[in-house]
Amino acid sequence: MKKCLAIFPLLFVTVGLSQRVPIDAVILKQTFVYAVKNDSALALDVYTMKDADRAVKKPAILFMFGGAFVTGRRDDTIYNAYFNSLTENNNVVISISYRLGLRGVQHVSKFNIKPFKNAVDMAVADVYDATNWTIRHADSLGIDTSMIILSGSSSGAITTLTAEFERENEYAAATTLPAGFEYAGLITFSGAILSLKGKLTYKNPPAPRLMFHGTEDKIVPYQKIRFFNRGFYGSGWIAKYLKTHNIPYYLYSEEGMGHEIAVLPMINKLPVILDFLDDYILQHQPYQIELNFKNPEQKPLMLQTSSELMKKLNQP
């Protein structure tokens, strides 16, 4: 937990998270192991209403925490307001642990991208395994498998965006998912797609998505970073592609803000998230929305670079 506090040194005080939000009493939390890798058990938490009728199938939000592939927990209380809101509005929430491939890694840059690529690949494999577990247990959990939505914060957002990207581009890693399976949507907080195959493009139509991002984020780019055939495409750049190809999306840009947007919308933008689920997932509306939000009284809290962050996180 000390490392999580190092990532968000001021965030807790700013949004009142020093008063930890508990999981609401009406919600049932169950923990399961979904995979064992390298002799380590990977667990997930399932949040449902205690009085839920499991015969009525609901959308499921599969969530991945943030922490730069170095730290973080699936049950950190900074996510509880998000989990409470989603669960109490007729969704099942599944928050997963995944392998942290950059723990202890000191040197990652555009000239040495292999450790980062390996970390993303491991996390993508884990979210595919968690997806398969969810599909296998859908009946007992009351889940509609046609409405499984990926969601993630920071490194979790990178993973979910990249996992769906690789699925729609028919990467070999995605063949572990059932034939014909499609993610119904994505909700991401400060995410980007990692691709080593040139410009951003999709072979099959991507899922609708809600993307929150600070325009001054220096950890995960709002636009893009390109180096030869390598690309790291942030929410702003993804939206350009989706707009051009008539794919439904909602880009919520926080002007002047940094990487704190990896957490803040899960607390103060819950109505936007619920509206997205209703309009895009349940009603299948083909909207393309770009909202540029600026609060002159709100100051950015996290403007350090990715290298500065990694140096701090990997200190003994």
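Residues numbered from 1 in each chain as written. Predicted model: local features only at pLDDT ≥ 70, side-chain atom pairs only at ≥ 80, totals over all residues. Heavy atoms only, no water.

Visitor: Would you explain the pairing of strand β10 (residues 230–234) in this entry?
Guide: A regular strand carries its side chains on alternate faces of the sheet. Taking burial as the measure, the 5 residues of β10 include 4 buried ones, the bulk of the element. Alignment of strand β7 (residues 192–195) against β10, held across 4 bridges, turns out to be antiparallel. Looking at the pairing, A192 lines up with G234 of β10. (Buried < 20%, exposed > 50% of the residue type's maximum accessible area, 1.4 Å probe, protein only. Helix = DSSP H or I, 4+ residues; strand = E, 2+ residues; numbered from the N terminus. Pairing = 2+ DSSP bridges.)

Visitor: Would you take a moment to explain the packing of aromatic side chains for this structure?
Guide: Each pair of aromatic rings is reported with the distance of its centres and the angle of its planes. Enumeration over the complete set of coordinates arrives at 22 aromatic pairs. Here F212 and Y252 contribute two aromatic rings whose centre-to-centre distance is 5.2 Å and whose plane-to-plane angle is 45°, an arrangement assigned as tilted. With F212 in strand β8 (residues 209–214) and Y252 in strand β11 (residues 249–254), the pair connects residues that are 40 residues apart, well separated along the chain. The pair formed by F212 and Y252 is uniform in burial state, with each residue classed as buried. An aromatic cluster is built from Y47, F63, Y79, Y82, F83, F189, F212, Y250, Y252 and F293, whose rings are joined through pairwise contacts. Above the ring of Y171, the side-chain terminus of K197 is found at 4.2 Å from the ring centroid. (Phe/Tyr/Trp six-rings, centres within 6.5 Å; stacked < 30°, edge-to-face > 60°. Lys NZ or Arg CZ within 6 Å of the ring centre and 35° of its normal.)

Visitor: Before we go on, may I ask you to explain the confidence of the model for the protein chain in this structure?
Guide: Detailed conclusions should not be drawn from predicted coordinates in areas where pLDDT is low. Across the protein chain, the average pLDDT comes to 88, with 86% of residues at or above 70. Within the model, pLDDT remains below 50 along residues 1–18, and this stretch shows 35 contacts once partners closer than five positions in the same chain are excluded. (pLDDT = per-residue confidence, 0-100. Contact = heavy atoms within 4.5 Å.)

Visitor: Would you mind showing me how to read the side chain of T131 here?
Guide: Following the sequence through the fold, T131 ends up in helix α4 (residues 114–136). The exposure class assigned to T131 is buried, which follows from its relative accessible area of 0%. One polar contact links the side chain of T131 to the main-chain carbonyl oxygen of V127, over a distance of 2.7 Å. Excluding its chain neighbours within four sequence positions, the residues that come into contact with T131 are L62, L177, F181 and Y183. (Polar contact = N/O pair within 3.5 Å; in protein donor to acceptor, adjacent residues only side chain to side chain.)

Visitor: Explanation requested: the environment of D121 in the structure shown.
Guide: Topologically, D121 is positioned in helix α4. Owing to a relative accessible area of 30%, D121 belongs among the partly exposed residues under this scheme. In sequence terms D121 and R99 are 22 residues apart; their C-alpha atoms lie 9.9 Å from each other. Among the polar contacts listed, one links the side chain of D121 to the side chain of K117, at a separation of 2.8 Å.

Visitor: Any chance you could explain unusual backbone geometry here in plain terms?
Guide: Across the chain, the bulk of peptide bonds are trans and the bulk of non-glycine residues have phi less than zero. Despite not being glycine, F69 shows a phi value in the positive range, around 60°. On the secondary structure map, F69 appears in the loop between β3 (58–64) and α3 (80–88). For F69, a relative accessible area of 2% puts it in the buried group. Even without a glycine there, the phi angle at H284 is positive, about 55°. Positionally, H284 belongs in the loop between α9 (270–282) and β12 (288–293).

Visitor: I'm lost on the sheet that holds strand β4 (residues 92–96) in this one. Help?
Guide: Within a sheet, neighbouring strands are paired by backbone hydrogen bonds and run either parallel or antiparallel to one another. Judged by pairing direction, the sheet is mixed, and its 9 strands sit side by side in the order β1-β2-β4-β3-β5-β6-β8-β11-β12 without closing on themselves. At either margin of the open sheet sits one strand with a lone partner, and together these are β1 (27–37) and β12. On average, each strand axis in the sheet is tilted by 15° relative to the strand beside it, whichever way the strands run. Across 6 bridges, the pairing between β3 and strand β5 (residues 143–153) is parallel. What sits directly across from M64, in β5, is G152. Lying over the sheet, α3 contacts β1, β2 (40–49), β3, β4, β5 and β6 (185–189), oriented at roughly 50° with respect to β2. (Axes fitted to C-alpha atoms, helices over the stretch in contact; angles between N-to-C directions.)

Visitor: Before we go on, may I ask you to explain the pattern of salt bridges in this structure?
Guide: Two side chains with opposite charge may pair up if their charged atoms get near one another. Evaluated as defined, the whole model comprises 11 salt bridges. Of the charged contacts, one joins D45 and R74 as a salt bridge, the two residues approaching to 3.0 Å between their closest N and O atoms. Within this pair, whereas D45 is found in strand β2, its partner R74 is found in the loop between β3 and α3, the two being separated by 29 residues in sequence. In this structure, the salt-bridge partner of D75 is R73, at a minimum N-O distance of 3.0 Å. Here the salt bridges share partners, and the residues they tie into one network are K37, R99, D126 and D129. (Salt bridge = Lys/Arg side-chain N within 4 Å of Asp/Glu carboxyl O.)

Visitor: How should I be thinking about the sheet that holds β10 in this particular structure?
Guide: With antiparallel pairing, the 3 strands of this open sheet are ordered in space as β7-β10-β9. Of all strands in the sheet, those with a lone pairing partner are β7 and β9 (224–227), marking the two edges. Pairwise comparison of adjacent strand axes, ignoring direction, gives a mean angle of 5° for this sheet. Sheet topology places β9 next to β10; 4 bridges connect them, and they run antiparallel. Looking at the pairing, R226 lines up with G231 of β10.

Visitor: Sorry, what's going on with α9 here?
Guide: At 3.6 residues per turn, the α-helix brings residues three or four places apart onto the same side. Taking 1.5 Å of rise per residue, the 13 residues of α9 would be expected to cover 18 Å, and the 17 Å separating its terminal C-alpha atoms lies within 8% of that figure. Among all positions of α9, only L270, V272, I273, F276, L277, Y280 and I281 are buried. On an axial view of α9, the arc spanned by its buried residues comes to 155°, and they lie on one face. Downstream of α9 by a residue or two, H284 has a phi angle that is positive, lying close to 55°. (Expected span 1.5 Å × (residues − 1). Arc of directions from axis to C-beta.)

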